[in-house]
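# Fold and contact review
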Amino acid sequence: MSDDQNGTNPSNGLNPEDFEAFLRDFMSGQSGLDPAQLAAAAGLPNDPEALKQLIEQLRGALGGMNSTSGETGVNWELATNQAKAIAKSESLAILDSTRKAIADAVSIGALWLNGATSISELTTEPKLLSREMWVADAVPLFQALAQPVADRMSEALSENMRLNAPEELNELLGNASGLMKSAGGALFAMQLGQALGKLSAEVLSGGDIGLPIFKDQRAAFVPQNLSSFVDGLDVEKDQAFIYLAVREMAHARLFKHSKWLRDSIVSQISNYAAGISIDNSRITELAEDFDPTNTDELRRALETGAFIAERTEEQNLALARIETLLALIEGWVDVVTEQATKLLPKAAAIAEAVRRRRATGGPAEQTFGTLIGLELRPRRLREAAAMWRILDAALGSEKRDSFWNHPDLVPSSEDIDDPQRLIDKLSGLVSDNDSLDQELRDLLGE
């Protein structure tokens, strides 16, 4: 599309009259906008059918609030559909051999876990997910985590455009605040859909992102991705399947036992995200030279989180608390898995492969780090795991696991730094179970 057709002049910026015409034409379905340019903004391949669907979905998002967007204009249906389309594009059927390998690993792993933790075993069978099914199950969790910043982003884009638009467009934009919120929400939804679609090709299990995707806890696996990861390891496949099954079941057991844990983390992350500020100066810079035919800069800004302002001191403290809790969870899972798989000859090699995979940022880091400025990488994982080993040696696995019985009992960052401090607080009570139980009740204020 030429500069004259799209109403822009590269040297002079946005032409108000032509941009107004562009908006009206787009809304009426007559715009000459090149679908390939819109695909570039969403990070999609130039596939004609996918682009046709995207145009229809985006027009619906801009045309008004849909049933899933509520007052915010964030089109979660658009995000879900885009993520499912990406997930489905290279999804493969689950092989019978993979089903059997997972079933055998789960049977062995459940028995071994019983000897490594006092937390009771799961009562439901693991769920096997295609990539598309993982997206469907994971979207509610990601929506809960991303909604606060999505709201702020769409509102900020709308307000900034209204304040900085040429005078000739004030009346049009003043009567279309809902439209602009929907536009901002649609752009955010497309980016989230893109990220979730890519994520569906990476996750191995239901708890692989650090949080369980299900409210009613159960183990879950993405067999296609699991098989691909196992095939890349230089170990016997049956051992790798057992190790990874134990990890997933330990994670699911913990969240099933501590029913408060999932909601606590989601609440902390949502509160953190709600406090995120938008860098209006960055939006202004982009708006000054915005060219509707050149969407690369807008896409890069969304992908890199460039619109998100620096964290406040309060946010840094909140982030530290979130990271500590995630490290405690992952550290506990590591220690329990280590103990449960001690009979596996290649357990150490598989554990190292898992650590390397996680050290690169983890499958969730890009999704959250770029879209809402929050990394879910448990930075203190090794220290947290070391603390759980010390507590296990001093108190035994049953007392170690009892720290997950109530949020007030969960060790703090200071306990990770100095686990002996926590043990000293309980010193002299380890040999007397009744006294130790009373001490734990005292910590709860009972």
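Figured I'd write up the structure that's included with this text.

Rules and cut-offs
- Residues numbered from 1 in each chain as written.
- Predicted model: local features only at pLDDT ≥ 70, side-chain atom pairs only at ≥ 80, totals over all residues.
- Heavy atoms only, no water.
- Helix = DSSP H or I, 4+ residues; strand = E, 2+ residues; numbered from the N terminus.
- Buried < 20%, exposed > 50% of the residue type's maximum accessible area, 1.4 Å probe, protein only.
- Areas by Shrake-Rupley, 256 points an atom, 1.4 Å probe, with all protein chains shown as cover.
- Core = buried A, V, L, I, M, F, W, Y, C linked by side-chain atoms within 4.5 Å.
- Contact = heavy atoms within 4.5 Å.
- Phe/Tyr/Trp six-rings, centres within 6.5 Å; stacked < 30°, edge-to-face > 60°.
- Polar contact = N/O pair within 3.5 Å; in protein donor to acceptor, adjacent residues only side chain to side chain.
- Expected span 1.5 Å × (residues − 1).
- Salt bridge = Lys/Arg side-chain N within 4 Å of Asp/Glu carboxyl O.
- Axes fitted to C-alpha atoms, helices over the stretch in contact; angles between N-to-C directions.
- Parallel < 35°, antiparallel > 145°, perpendicular 65-115°, else oblique.
- Left-handed = near helix turned anticlockwise from the far one by under 90°.
- Nonpolar A, V, L, I, M, F, W, Y, C, P; charged D, E, K, R; others polar.
- Arc of directions from axis to C-beta.

Looking now at the overall build of the protein. The secondary structure content of the protein amounts to 22 helices and 4 strands. For the protein, with 446 residues in total, the buried portion stands at 51%. With the model as given, the accessible surface of the protein reaches about 20400 Å², and the carbon-plus-sulfur share is 48%.

Ranked by internal contacts, the top residues of the largest apolar core, which has 98 residues, are Trp134, Ile265, Trp332, Trp388 and Trp404. Sorting elements by how many residues they give to this core places helix H15 (residues 313-340) first, with 13 residues. Once residues lying within four places of it in the same chain are set aside, the contact partners of Trp134 are Leu129, Phe142, Leu196, Leu199, Ser200, Val203, Ser205, Ile209, Ile213 and Val222.

In the structure shown here, the tally under the stated rule is 2 aromatic pairs. Their ring planes at 70° and their centres at 6.1 Å tell us that Trp134 and Phe142 sit as a pair that is edge-to-face. The exposure classification of Trp134 matches that of Phe142, with both residues buried.

Looking now at the side chain of Asp392. Mapping Asp392 onto the fold places it in helix H18 (residues 381-395). In this structure Asp392 comes out as buried when scored by relative accessible area, which is 19%. At a separation of 3.3 Å, a polar atom in the side chain of Asp392 contacts the side chain of Arg400. Setting aside residues no more than four positions away along its own chain, Asp392 makes contact with Gln339, Ser397 and Arg400.

What follows covers the environment of Glu77. If you trace the backbone, Glu77 turns up in helix H5 (residues 76-89). Relative accessible area serves as the criterion here: at 37%, Glu77 is assigned to the partly exposed category. Each C-alpha atom, one on Glu77 and one on Ala186, is 9.8 Å from the other, the two residues being 109 residues apart in sequence.

In this section: the environment of Leu261. Secondary-structure assignment places Leu261 in helix H12 (residues 261-274). Sequence-wise, Leu261 and Asn405 are 144 residues apart; in three dimensions their C-alpha atoms are separated by 9.8 Å. With near-sequence residues (within four places) excluded, Leu261 lies in contact with Leu254, Phe255, Leu325, Ile329 and Trp404.

The α-helix advances 3.6 residues per turn, and as a result positions three or four apart in sequence lie on the same side. Taking 1.5 Å of rise per residue, 14 residues should cover 20 Å, and H5 covers 20 Å from first to last C-alpha, within 8% of that figure. By the burial criterion, the buried members of H5 are Trp76, Leu78, Ala79, Thr80, Gln82, Ala83 and Ala87.

Our focus in this paragraph is the pattern of salt bridges. Charged atoms that come close allow side chains of opposite charge to pair. Within the structure shown, the criterion is met by 15 salt bridges. Across the pair Lys100 and Asp104 runs a salt bridge whose closest N-O atoms are separated by 2.8 Å. With Lys100 and Asp104 both in helix H6 (residues 96-114) and 4 residues apart, the pair spans about one turn of that helix. Between Glu236 and Lys346 there is a salt bridge, with the nearest N and O atoms lying 3.5 Å from each other. Taken together, the residues Glu236 in the loop between helix H10 (223-231) and helix H11 (237-257) and Lys346 in the loop between H15 and helix H16 (347-359) connect sequence positions 110 residues apart. Overall, the relative accessible area of 32% leaves Lys346 in the partly exposed class. One continuous salt-bridge network, built from bridges that share partners, spans Arg247, Glu330, Asp334 and Arg358.

H18 packs onto H15 with a crossing angle of 55° between their chain directions and a minimal axis gap of 8 Å. Looking at the two axes, H15 sits oblique to H18. H15 and H18 meet at a crossing whose hand is right-handed. Across the interface between the two elements, Ala327, Leu328, Glu330, Gly331, Trp332, Asp334, Val335, Glu338 and Gln339 from H15 touch Leu381, Ala384, Ala385, Met387, Trp388, Arg389 and Asp392 from H18. Among the residues making up the contact of H15 with H18, the classes are represented as 9 nonpolar, 2 polar and 5 charged.

In this section: H16. Between the first and last C-alpha of H16 there are 18 Å, a value that for 13 residues agrees with the 18 Å anticipated at 1.5 Å per step. Turning to H16, its buried residues are Ala347, Ile350, Ala351, Ala353, Val354 and Arg358. Projected down its long axis, H16 carries its buried residues within an arc of 160°, all on one side. Away from the buried face of H16 by more than 90 degrees, exposed residues Ala348 and Ala359 are located. Buried-residue contacts for H16 involve H10, H11, H15 and H18.

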